Amino acid sequence: MQKLLLLGDEAIAQGAIDAGLSGVYAYPGTPSTEITEYIQDSRIAKERNIHRQWSSNEKTAMESALGMAYAGKRAMTCMKHVGLNVAADAFINAAITGVNGGFVVVAADDPSMHSSQNEQDSRVYGKFAMIPILEPVNQQEAYDMAYAAFEMSEKFNVPVMIRITTRLAHSRAGVVRKPLLEERELSLPKDPTQFVLLPAIARRNYKKLIETRPDLEKLSMESPYNSYADGSDRSMGIIACGIAHNYLMENFQERECNYPVLKLSQYPMPRKDIERMVSECDSILILEDGYPVIEELLKGYQEAGTPVKGRLDGTLPRDGELTPNIVANALGFPFEEGAPVPDLVVGRPPAMCKGCGHIDAYKALNIALEDYGPGRVFADIGCYTLGALPPYNAVNSCVDMGASITMAKGAADAGLTPAVAVIGDSTFTHSGMTGLLDVVSEGTPITIIVSDNYTTGMTGGQDSQALGHLEQIIAGIGVDPDHIRVFKPTAANLDEMVSIIKEEFDYPGVSVIIPRRQCIQTLRNKSLVLKVKELGL
Amino acid sequence: MKSDIVLAGVGGQGILSIAATIGMAAVDKNLHLKQAEVHGMSQRGGDVQSHLRVSSKPIASDLIPRGKADIILSVEPMESLRYLPYLSKKGWLVTNTTPFVNIPNYPEMEEVMAKIAEQTNHIAIDAEKIAVEVATKRSSNIVMLGAASPFIDIEMSALEEGLRKIFERKSDAVVESNINALRAGRAATEVILASRN
Ligand SMILES: Cc1ncc(C[n+]2csc(CCOP(=O)(O)OP(=O)(O)O)c2C)c(N)n1
Ligand code: SF4
């Protein structure tokens, strides 16, 4: 069969399609975005009318996917690691309901924080939910796992997590496909109470989940993705999780590996393999591209037992992505670097595009704030976060999606007025709306700037759920329409913008200001341009 | 064969088309390939890199280890220097000489060029000038691929076939123009190599 050249993300998407997927539900987020985009562009997905529209946030995505699994079809939800925080309530409880159709959760982690606020490890969540986790080592395995995960989910009545990291998500290699399966028929769960998590039922379901533990461990022992390669040098055994196995093997291209190696790509951990390594080896090195999850488990709190090396004892750095060189250091293998980076090489920090509407909005905001002093702008996550950098230096916080409005509220409650929130249109519908309701309920005097560019710019210009009804939503939540102020952020409008912002600072209630201009990176997106025209924006 | 290539540039300069062309050729030749891209902030003028590994044997790591790259192929001069720690002692640095200045503190061009000239194995060509002569300015990335091609163990015909596959959806003229760019880039390197012998 012909090999397709696919990103890790795309391999997961193709694997899911071929496994008879009926719906993907997701909110964009690097490095997970390309999974859903691949399905949106897929011919088979179009022919089968697989659900593939973006959701408002990760929680709505997770719940919609669970609903599809309830109805007997195969569903997948994809998100970046921090998205799983947003969806965590649904996620943990989906392990208690179990599934009907197969249910797969893809979490894309970002060690080294290439484009994220933290490097949390989703395997912790998978363990917390007590469900199987698959961690592919390469693109083919990513495909194979996505293909197999739905059946696993159905057979063991649990959601299955696929955990990848940026490097695999955004790296391309050849993938061989398997036969395309039919979608599953619509069907109700056999037990009509299965998804009703009243305490009595939840207790019953939870016991069942606990009872699957031994079966899941057995499954990991027999998994084609886990393997124990014995070696003659038992002074050290190595456990290499997911993509870390590649970095390990890179160091054994020209030398033979005599250490026993456990390639670990399916959890819960294969207990017997671990016990074997502990009993046969003098020490254990653990390579994980993420938190020291397995290392902490094996190390425990007692000094007795087989010494464990990894991120916790300094054999590997405590944080950041693994690389072949970091692993070489851990193995004590010398390597010759190239020349150092010359001093004259300077950084190119990311910046907002020239001509971006956010820039004009910040210019106006900075002038309007001159009379009040610094430290009052609570921003959010999106292109506009780059307003934190020079020359604007316009932003004092960026924490998690939606936090701008609520943090401005808390600061205003503490007496900081005016307090300003800056949030994008997509982030507003992701998780700004509920915070706005808190503000409206109490009439907290803050000024909220929803910088509307009709799109989800930061992640590459996906649809924004706010398009066409932003003011209605804001008025519907209860903001006085007289204090919903829309204008076009351009250099020519600077004075007008400044005076509008100042007027709203003076208003002792909730104001929402909407600078509105299309993201210039989307000007060639014909369907968006058409939609904007139709809406008369 | 084995070619480990670090592709370098600034967002929007088309290094992913270079990767795609080599990738296409490698798949056609049944070679193994891994290509790690850096997405994310690329749209916004940040530096971008891609690790491209082609080999007749299976490839372990998606990332090239430091000190192991056979080629740094850069479409921007300062960016070519950012990845020097990856270049092996015998490796080639192949770079475009036209700077992409989107920062206030871009270093003096003479200093950048002097650093490039210090590298034992280097090729520096004005890809934009060549692209304008034989194709269009937009093909300067493919000129750079041509300039690096003598050091990549893949035949020109396979690279040309790769270009054809990638650009055939656009038009025959686009295909031809890119093939011209590829050949002109290679010729430029050959002239430099001949003059050094
Ligand atoms: C919980 C969570 N999900 C997804 C992301 C990824 N993400 C960062 S910014 C952004 C979109 C921002 O869109 P918008 O608010 O419209 O601002 P723009 O980038 O268009 O200016 C997304 C999806 C994230 N950081 N956190
Ligand atoms: S991508 Fe769009 S929203 Fe983001 S900085 Fe560029 S123009 Fe602005």
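Before reading on, note that the structure itself is shown above.
To keep things clear, this report deals only with the structure shown in the data block. Along every chain, residues carry numbers that run from 1 in the direction the sequence is written. Lettering for chains starts from A, numbering for ligands starts from 1, and both go in the order in which the items are written. Reporting in this predicted model follows two pLDDT cut-offs: at least 70 for local features of residues, and 80 or more for side-chain atom pairs to be given and counted; totals over whole chains, interfaces and linings ignore these cut-offs and use all residues. Water and hydrogen atoms were dropped before computing side-chain values, which therefore reflect all heavy atoms in the structure.

**Digging into the packing of aromatic side chains**
Residues and elements named next belong to chain A. The line we're drawing: Here the aromatic set is Phe, Tyr and Trp, taking the six-membered ring for Trp, and pairing holds for ring centres within 6.5 Å; pairs whose planes are under 30 degrees apart are stacked, those over 60 apart are edge-to-face, and all others are tilted. Put simply, DSSP H or I for four residues or longer makes a helix, DSSP E for two residues or longer makes a strand, and each gets a number counted from the N terminus. Type-normalised accessible area, obtained with a 1.4 Å probe on protein chains alone, sets the label of each residue: buried when under 20%, exposed when over 50%, and partly exposed for intermediate values.
As enumerated under the stated definition, the model contains 6 aromatic pairs over all chains in all. Their ring planes at 80° and their centres at 5.0 Å tell us that Tyr70 and Phe195 sit as a pair that is edge-to-face. With Tyr70 in helix α4 (residues 58-70) and Phe195 in the loop between β7 (171-176) and α10 (199-211), this pair connects stretches of sequence that are 125 residues apart. Assessed through its relative accessible area of 19%, Phe195 is described here as buried. For the pair Phe252 and Phe333, a centre-to-centre distance of 5.5 Å together with 85° between the ring planes defines the contact as edge-to-face. Remark: Phe333 occurs in the loop between α15 (324-331) and α16 (357-369) and Phe252 occurs in the loop between α12 (244-250) and β10 (261-264); sequence separation between them is 81 residues.

**A short note on the packing of α10 of chain A against helix α11 (residues 213-222) of chain A**
All names here are of chain A. Counted only if it meets this: Every axis corresponds to a line fitted to the C-alpha atoms, with the helix fit spanning only the stretch in contact, and the corresponding angles, defined between N-to-C directions, vary from 0 to 180 degrees. Any angle that is under 35 degrees is reported as roughly parallel, and any over 145 degrees as roughly antiparallel; angles of 65 to 115 degrees are reported as roughly perpendicular and all others as oblique. Any pair of residues with heavy atoms lying within 4.5 Å of one another is described as a contacting pair. Each residue is assigned to one of three groups, with Ala, Val, Leu, Ile, Met, Phe, Trp, Tyr, Cys and Pro labelled nonpolar, Asp, Glu, Lys and Arg labelled charged, and all others, Gly among them, labelled polar.
Here α10 crosses α11 at 30°, and the two axes come no closer than 4 Å. In terms of orientation, α10 lies roughly parallel with respect to α11. Residue-level contacts link Leu209, Ile210 and Glu211 of α10 to Arg213, Pro214 and Asp215 of α11. Its residues assigned to classes, the contact of α10 with α11 comprises 3 nonpolar, no polar and 3 charged.

**Some remarks on the site of ligand 1**
Residues and elements named next belong to chain A. What counts is decided by this rule: Nearness is defined per residue: one heavy atom within 4 Å of the molecule or strand is enough. Whenever two N or O atoms come within 3.5 Å, that pair is a polar contact, provided that in protein one can donate a hydrogen and the other can accept it, and provided that, for residues adjacent in sequence, both atoms are side-chain atoms. Note that the domain bounds were set by an automatic or database domain assignment.
Around ligand 1, the structure places 25 residues, and the nearest of them are Glu58, His358, Thr427, Gly457 and Met458. Between ligand 1 and Glu58, the relevant distance is 2.6 Å, taken from a nitrogen atom to a side-chain nitrogen or oxygen of the residue. Within the contact set of ligand 1, an oxygen atom lies 2.6 Å away from a side-chain nitrogen or oxygen of Thr427. Only α5 (81-86), α18 (425-442) and β17 (455-456) provide two or more residues apiece to the shell around ligand 1. The element best represented in the shell around ligand 1 is α18, accounting for 4 residues. By residue class, the composition of the shell around ligand 1 is 9 nonpolar, 13 polar and 3 charged. For the shell around ligand 1, the domains that each give at least three residues are domain 1 (3-211) and domain 3 (357-534).

**Points about helix α13 (residues 271-280) of chain A**
Residues and elements named next belong to chain A. Rules: Here the arc refers to the set of directions running from the helix axis out to each C-beta atom.
Listed as buried for α13 are Asp273, Ile274 and Met277. For α13, the angular spread of the buried residues around the axis is 100°, confining them to a single face. Exposed and facing more than 90 degrees away from the buried side of α13 are Lys272 and Ser279. Turning to α13, the residues buried within the fold contact α11, β8 (227-229), β9 (237-241), β10, β12 (284-287) and α14 (293-299).

**Remarks on the sheet that holds strand β19 (residues 484-487) of chain A**
All names here are of chain A. For the record, the criterion: Strand pairing follows a simple DSSP-based rule, namely that at least 2 bridges must link the two strands.
Across the sheet, 5 strands lie side by side as β14-β15-β16-β20-β19; this open sheet has parallel pairing. Of all the strands in the sheet, just β14 (377-378) and β19 have a single pairing partner and so form its edges. Taken together, the 4 bridges between β19 and strand β20 (residues 511-515) define a ladder with parallel strand orientation. Each bridged residue has a counterpart across the sheet, and for Val486 the counterpart in β20 is Ile514. Here α16 sits on the sheet in contact with β14, β15 (420-424), β16 (447-451) and β20, set at roughly 180° to β15.

**Here's the deal with the site of ligand 2**
In the neighbourhood of ligand 2, 11 residues make up the surrounding shell, with Cys353, Cys356, Cys383, Asn453 and Cys519 of chain A lying closest. Ligand 2 sits at the junction of chains A and B, each of which supplies nearby residues. Here the shell around ligand 2 is composed, by residue class, of 6 nonpolar, 4 polar and 1 charged.

**A few points about the pattern of salt bridges**
Residues and elements named next belong to chain A. Note the following rule: We count a salt bridge whenever a side-chain nitrogen from Lys or Arg sits within 4 Å of a carboxyl oxygen from Asp or Glu.
Inspection of the entire model under this criterion finds 47 salt bridges over all chains. The salt bridge partner of Arg43 is Glu47, with a shortest N-O separation of 3.0 Å. Residue Arg43 and its partner Glu47 are located together in helix α3 (residues 43-48), separated by 4 residues, close to a single helical turn. Taken as a pair, Arg43 and Glu47 share a single burial class, namely exposed.

**Regarding the environment of Tyr362 of chain A**
Residue and element names in this part refer to chain A. Position of Tyr362 among the secondary structure elements: in helix α16. Looking at Tyr362, the relative accessible area reads 3%, which means it is buried. Measuring from C-alpha to C-alpha, the distance between Tyr362 and Tyr392 comes to 7.1 Å, with 30 residues separating the pair along the chain. Those residues in contact with Tyr362 that lie beyond four places of it in its chain are Met352, Ala379, Tyr384, Thr385, Gly387, Ala394, Val395 and Val422.

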